[in-house]
Amino acid sequence: MNVTLKSEAPDETPGLSGPAGSVVFISAGQAWAPLTAMAKADLRQTLSLWRLVWALSVFDIKLRYRGSVLGPFWLTLSTAVMVLALGFLYSQLFHIVLAIYLPFISLSLVLWSFMSNLVAEGCTCFTTQETMLRAMRMPLSIHAARVVVRNVFVLLHNILVIVLVFLILQIMPNKFSFLLIPGFTLWLIDGFAICLILGALCTRYRDVPPIIASLMQVAFFVTPVIWSPAILQHRGRIFLETWNPFFDLLDIIRAPLLSTPISPTIWAIAMFYSTILVIAAGLVFIHSRARIAYWV
Amino acid sequence: MANIDIQNISVEFPLYHAESRSLKKAMFAVAAGRIGEDAKHRPCVSALRNITLSLNSGDRVGIIGANGAGKTTLLRTMAGIYEPLRGQISICGAITALLDPSQGMNLELTGRENIRLRGLFNGLSPQKIERLQADVATFSELEQFLELPVRTYSSGMVVRLGFALATAIKPQILLMDEWILAGDASFMTKAKHRLETMVRGAEILVLSSHAPGIIMQWCNRVIWMEQGEVKADGTPDEILGAYLSPEQFAHAQAAGSIAV
């Protein structure tokens with residue numbers, strides 16, 4: 001019977017072989033060294049599969065707007081409406097000239113929605129990929145990377161609103177603008193870290209997502225997003241805003257674009273929080289990577 | 001040389017009830033100072049227990065056993081999807097696991113897009129992805145359906161796409177669950193032919209099936225699973241002879257030789 005299988009026949013499978021000679025070694029246990037090595041290998045694989053991450057993210061955006069006329073430009077449009085509405089309302093409430101408030105609110109809203117979407121989608125980065133997780137072995141960090149890349153695409157659509165506001169008000173790039181590059185790099189690292197942490201946590205404990213959602217809602221009002229300490233200077237100092245991590249992270253990008261010099265303290269605090277976040281993400285991922293397939 | 005080496009692995013599934021999965025319960029447990037106890041007394045289903053196996057090039061392994069014996073879990077563990085709680089596995093060689101018909105496809109995306117994703121996952125170049133799409137399109141006979149979302153397919157079409165996709169990329173180790181044998185007759189003849197050339201190309205085949213005829217026909221080694229343990233491991237004649245009743249065994253032997 002086996003003779004048939006081994007007999008000569010033209011090989012009809014097209015010469016598409018997967019990654020040949022790959023060796024996977026899985027050793028169970030709680031020792032840190034092998035767990036860390038596995039987590040590192042996972043991250044390396046995600047990096048080498050960047051084209052897949054890219055395609056998955058593009059498809060995610062496409063799917064969300066498949067069949068609609070404007071497509072992903074609905075993002076741009078709804079952000080524009082939001083910026084205009086809040087701009088008019090709060091410039092009246094705060095007694096600020098619209099031309100000063102509009103650049104601020106457009107930046108704040110776009111950056112904040114990037115942050116809060118990243119957090120919300122980070123929570124479900126593993127649970128929504130259950131079928132994929134169960135079908136084949138693939139690096140888990142790919143799902144976190146996908147959320148980050150997808151949200152960068154969303155951000156790119158929303159940036160058009162900022163560009164438009166800045167063009168209309170003739171605000172030009174200034175000498176601080178280059179700080180945008182280190183600032184956004186830090187954001188990407190933090191975003192990936194937060195997705196790994198929340199993804200694992202929310203897979204294990206299913207009532208974390210609503211907790212995170214309500215925390216983010218509070219954070220939106222507590223953090224200078226629609227108001228700013230500078231704008232409300234006449235009201236005196238506002239309680240503890242420099243120690244709010246959202247404020248520091250927001251300001252390392254927002255301040256340079258509004259051509260306000262940013263104090264090194266803000267950067268130092270932002271770096272401090274980011275370091276904690278990255279270390280925490282490392283620990284959580286090393287510890288939970290192997291268990292996530294069981295939890296989903 | 002492909003090989004799978006499994007050393008004394010155990011796989012347990014923690015049973016999280018709606019409540020025990022919640023943060024509230026864990027926090028209350030911390031508060032009451034019995035988190036350690038909680039972790040130990042957490043109810044688990046042990047799916048695989050102390051399994052040691054070594055599969056080498058040329059092995060065509062059939063896995064048999066009752067429902068819930070751990071056949072699929074063993075396949076998933078071999079694929080590296082579930083990492084065991086104890087023990088170790090080393091998998092040497094490119095693996096394709098045909099575990100369920102939808103193969104982790106995104107049902108909202110079109111067939112063609114899913115093929116592209118699979119190609120990217122396997123690190124194929126854009127030219128090779130085009131060849132993959134052409135190959136899958138011809139084999140699955142889905143043609144214009146490939147431009148439609150997979151969720152609009154009939155279940156038979158999903159099987160066809162999943163099968164064509166999984167078999168178009170040549171693995172060294174092929175893990176298959178029995179769903180593959182549930183298609184319409186005309187497609188099955190074609191699928192069987194393709195599977196045979198693929199099995200010939202693959203260095204290791206692991207097939208979980210309830211159909212003794214299929215096992216007799218394709219396998220040179222059979223593993224009998226019972227309650228998460230390997231009950232017996234040997235040649236198809238030995239194991240199926242013990243597993244089946246005499247007349248079923250005679251029937252399986254006949255089925256095996258007819259198919260040849």
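Values in this document were obtained by computation on a predicted structure and should not be read as measured data.

Before going further, it helps to examine the overall build of chain B. Helices and strands together make up the secondary structure of chain B, namely 10 helices and 9 strands. Evaluated residue by residue, chain B yields a buried proportion of 53% over its 260 residues. Carbon together with sulfur atoms contributes 54% to the accessible area of chain B, which is approximately 11000 Å² in total.

Another aspect to go through is the overall build of chain A. In terms of regular secondary structure, chain A is built from 12 helices and 1 strand. Going from the N terminus to the C terminus, chain A shows its helices and strands as α-β-α-α-α-α-α-α-α-α-α-α-α. Residue burial in chain A is summarised as follows: out of 296 residues, 49% are buried. Restricting to contacts in chain A with at least 6 residues of sequence separation, those with at least 24 account for 78%. As displayed, chain A has an accessible area near 14600 Å², and 73% of this comes from carbon and sulfur atoms.

So, about the packing of aromatic side chains. If you walk through the whole model with that rule in mind, you get 18 aromatic pairs over all chains. For the ring pair Phe94(A) and Tyr101(A), a centre distance of 6.2 Å and an interplane angle of 80 degrees mean the geometry is edge-to-face. Of the two residues, Phe94(A) and Tyr101(A), both sit in the buried class. Feature note: the residues Tyr90(A), Phe94(A), Tyr101(A) and Phe104(A) constitute an aromatic cluster, connected by ring pairs. The positively charged end of Arg291(A) is found above the aromatic ring belonging to Tyr294(A), 4.1 Å away from the centroid. Taking NZ or CZ as reference, Lys231(B) lies 4.6 Å from the ring centre of Trp224(B), over its face.

Residue and element names in this part refer to chain A. A cluster of nonpolar side chains, namely Leu-70, Phe-73, Trp-74, Leu-77, Val-81 and Leu-160, defines an oily patch on the protein surface of about 540 Å² accessible area. Residue contributions to the nonpolar patch peak at 4 residues, all from helix 4 (residues 73-93). Looking at where Leu-160 falls in the secondary structure, it is placed in helix 7 (residues 141-168).

In this section: the pattern of salt bridges. One pass over the full model with this rule turns up 17 salt bridges over all chains. A salt bridge links Glu141(B) to Lys190(B); its shortest N-O distance comes to 2.6 Å. Here the residue Glu141(B) occupies a position in the loop between helix 5 (126-140) and helix 6 (155-168), and Lys190(B) occupies one in helix 7 (residues 185-201), the gap between them amounting to 49 residues. The structure contains a network of salt bridges with shared partners spanning Asp60(A), Arg64(A), Glu121(A), Arg146(A) and Arg150(A).

Bringing the sheet that holds strand 1 (residues 3-14) of chain B into the picture now. Read across the open sheet, the 4 strands follow the order 1(A)-4(B)-1(B)-2(B); overall the sheet is antiparallel. The outermost strands of the open sheet, each flanked by one partner alone, are strand 1 (23-27) of chain A together with strand 2 (44-56) of chain B. Between one strand and the next, the sheet's axes are offset by a mean angle of 15 degrees, whatever the strand orientation. The sheet contact formed by strand 1 of chain B and strand 4 (residues 86-92) of chain B spans 6 bridges and is antiparallel. Its bridge partner lying in strand 4 of chain B, Ile6(B) is registered against Ile89(B).

Take the sheet that holds strand 7 (residues 204-208) of chain B next. Where strands meet in a sheet, backbone hydrogen bonds hold them as pairs that are either parallel or antiparallel. Residues and elements named next belong to chain B. One open sheet accounts for 6 strands, arranged 5-6-7-3-8-9; its pairing is mixed. Two strands in the sheet have a free side with no partner beyond their single neighbour: strand 5 (95-98) and strand 9 (229-234). Recorded for the sheet is a direction-independent mean angle of 15 degrees between the axes of neighbouring strands. Bridging between strand 3 (residues 60-64) and strand 8 (residues 221-226) involves 4 bridges; their strand directions are parallel. The residue of strand 8 that forms the bridge with Val-61 is Arg-221.

Residues and elements named next belong to chain B. Per-residue confidence for chain B gives a mean pLDDT of 82, with 87% of residues at or over 70. For the stretch residues 31-39, pLDDT sits under 50, and the model shows 4 contacts to residues farther than four places along the chain or on other chains. In the predicted complex, the global pTM is 0.87; the interface-specific ipTM is 0.83.

Of all hydrophobic cores here, the largest spans 67 residues; its most connected members are Tyr101(A), Ile105(A), Trp187(A), Ile226(A), Ile252(A) and Ile292(A). If you tally residues by element for this core, the top one is helix 5 (residues 98-123) of chain A, at 14 residues. In contact with Ile252(A), not counting residues within four places along its chain, are Leu179(A), Gly183(A), Leu186(A), Trp187(A), Ile262(A), Ile266(A), Trp267(A) and Ala270(A). Counting residues in each nonpolar core, the second largest holds 61 residues, with Leu52(A), Ala168(B), Ile169(B) and Val222(B) among its members.

Residue and element names in this part refer to chain A. Mapped onto the elements of the fold, Asp-248 is located in helix 10 (residues 245-257). Lacking a salt bridge, the buried Asp-248 has Arg-254 as its closest oppositely charged neighbour, with an N-O distance of 9.5 Å. The residues touching Asp-248, leaving out its near neighbours within four places in the chain, are Thr-242, Trp-243, Ile-266, Ile-269, Ala-270 and Tyr-273.

Next up on the list: the side chain of Gln133(B). On the secondary structure map, Gln133(B) appears in helix 5. Excluding anything up to four places from it in sequence, Gln133(B) contacts Arg112(B), Ile115(B) and Arg116(B).

What follows deals with the pairing of strand 8 of chain B. On a regular strand, one side chain projects to one face of the sheet and the next to the other, so that they alternate. Residues and elements named next belong to chain B. Among the 6 residues that make up strand 8, 5 are buried, leaving the element largely enclosed by the rest of the structure. Of the pairings in the sheet, the one linking strand 8 to strand 9 comprises 5 bridges and is antiparallel in character. From the neighbouring strand, Val-222 faces strand 9, where its bridge partner is Gly-234.

Scoring rules and cut-offs
- Residues numbered from 1 in each chain as written.
- Chains lettered and ligands numbered in written order.
- Predicted model: local features only at pLDDT ≥ 70, side-chain atom pairs only at ≥ 80, totals over all residues.
- Heavy atoms only, no water.
- Helix = DSSP H or I, 4+ residues; strand = E, 2+ residues; numbered from the N terminus.
- Buried < 20%, exposed > 50% of the residue type's maximum accessible area, 1.4 Å probe, protein only.
- Areas by Shrake-Rupley, 256 points an atom, 1.4 Å probe, with all protein chains shown as cover.
- Contact = heavy atoms within 4.5 Å.
- Phe/Tyr/Trp six-rings, centres within 6.5 Å; stacked < 30°, edge-to-face > 60°.
- Lys NZ or Arg CZ within 6 Å of the ring centre and 35° of its normal.
- Patch = residues over 30% accessible without salt bridge, like charges linked within 9 Å, V, L, I, M, F, W, Y side chains within 5 Å.
- Salt bridge = Lys/Arg side-chain N within 4 Å of Asp/Glu carboxyl O.
- Pairing = 2+ DSSP bridges.
- Axes fitted to C-alpha atoms, helices over the stretch in contact; angles between N-to-C directions.
- pLDDT = per-residue confidence, 0-100.
- Core = buried A, V, L, I, M, F, W, Y, C linked by side-chain atoms within 4.5 Å.
- Lys, Arg positive; Asp, Glu negative; His and termini not counted.

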